[in-house]
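# Results of the structural survey
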Amino acid sequence: GSRYEEAFVSYLGRFNYDYRSKYLFEFSFREDGSYRYAPSKRWAFFPAFSAGWRIGQEDFIKNYLPFISDLKIRGSWGKMGRDAGNAFEYYEGYTFSSISGGYVFNENLLTIGMISPGVVNENLSWINTTTTDIGFDLELWKGKFALTMDLFSKLSEGLLATRITSVPNTFGATFPQENLNSSEIKGIEIMVSHRNSIGDFDYNVNANVTYSRLY
């Protein structure tokens, strides 16, 4: 068999502000540490903000546009991390090979081999994803028509890759994983709904569409 240990530490916090259910704000954060990375790259801070204004609850909407049941404008921005990659790439030590990597120098005696660490890497760290969203929620005639729209962006930085294609195959060492690549998804999401009652019969119909593109 085999045995291994992993260690993770997280500190989390959140602050909420709500004034008369019209002005909304939230701040949250994570401070995460992972055993995978070198001490200088082990910790990462991931904050997030969101804010909303229920403009439909303001008097100038209620008094002059009474058919608007609710209207909310909102936005959010936040970071999150993904713990990925090979552990202990920063460690300058040899490791034991598997049984298939051993040799039989003497009859009935298997000698386990030792594997060099290749290129030592102290820069491997968390994959960071930044998400931005701006949208609104509109409800008319007490739900007979509702529209929700969001514009969003999701940027991932530090995706794992190796530099093996940048050197000749005679280099003679194994390259470590590094945070080299990035990608971004942008798009729009729209949902339309209708809610009504006929006597004791209540019904709700909605449809949504999402368009996104990967860069």
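As a reminder, the structure under discussion sits directly above these lines.
Report follows, based on the coordinates. A quick note: this is a predicted structure, and the numbers were derived from the prediction, not measured.

This part takes up the packing of aromatic side chains. Tallied over the entire structure, the rule returns 14 aromatic pairs. Where Tyr 19 meets Tyr 23, the ring centres are 5.9 Å apart and the plane angle is 15 degrees; that geometry is what we call stacked. Ring centres 6.1 Å apart and planes at 35 degrees place the aromatic pair Phe 49 and Trp 77 in the tilted group. Of this pair, Phe 49 sits in strand β3 (residues 43-53) while Trp 77 sits in strand β4 (residues 68-82), and the two are 28 residues apart along the sequence. In textbook terms, an aromatic cluster arises when at least three aromatic residues are bridged by ring pairs, as seen for Phe 27, Phe 29, Phe 45, Phe 49 and Trp 77. Lying across the ring of Tyr 215, Lys 186 places its NZ or CZ 5.8 Å from the centre.

Turning to the pairing of strand β10 (residues 145-161), a few remarks are in order. Direction of pairing for strand β9 (residues 127-140) relative to β10: antiparallel, over a ladder of 13 bridges. Looking at β10, one finds that Thr 129 is bridged to Ser 156. Between β9 and β10, which pair antiparallel one after the other, the connecting turn spans 4 residues, and Trp 141 there sits at a positive phi close to 50 degrees. Direction of pairing for β10 relative to strand β11 (residues 178-198): antiparallel, over a ladder of 15 bridges.

In a beta sheet, neighbouring strands pair by backbone hydrogen bonds and run either parallel or antiparallel. What the 8 strands build is an open sheet, ordered β1-β2-β3-β4-β9-β10-β11-β12; its pairing is antiparallel. At either end of the open sheet lies a strand with only one pairing partner, and these are β1 (8-19) and β12 (201-214). Recorded for the sheet is a direction-independent mean angle of 10 degrees between the axes of neighbouring strands.

Here we take up the side chain of Ser 97. Take Ser 97: it is sitting in the loop between β5 (95-96) and β6 (103-106). Not counting chain neighbours up to four residues away, the residues in contact with Ser 97 comprise Gly 102, Ile 112, Gly 113 and Ile 115.

One finds Ile 55, Ile 61, Ile 68, Leu 71, Leu 138 and Leu 140 forming the largest nonpolar core, which totals 6 residues. Elements that contribute at least two residues to this core include exactly β4 and β9. Residue contacts for Ile 61: discarding those within four places in its chain leaves Ile 55, Gly 56, Pro 66 and Ile 68. Membership of the second largest hydrophobic core comes to 5 residues, among which are Ala 44, Phe 46, Leu 124 and Trp 126.

Reading the values: the criteria
Residues numbered from 1 in each chain as written. Predicted model: local features only at pLDDT ≥ 70, side-chain atom pairs only at ≥ 80, totals over all residues. Heavy atoms only, no water. Phe/Tyr/Trp six-rings, centres within 6.5 Å; stacked < 30°, edge-to-face > 60°. Helix = DSSP H or I, 4+ residues; strand = E, 2+ residues; numbered from the N terminus. Lys NZ or Arg CZ within 6 Å of the ring centre and 35° of its normal. Pairing = 2+ DSSP bridges. Axes fitted to C-alpha atoms, helices over the stretch in contact; angles between N-to-C directions. Contact = heavy atoms within 4.5 Å. Core = buried A, V, L, I, M, F, W, Y, C linked by side-chain atoms within 4.5 Å. Buried < 20%, exposed > 50% of the residue type's maximum accessible area, 1.4 Å probe, protein only.

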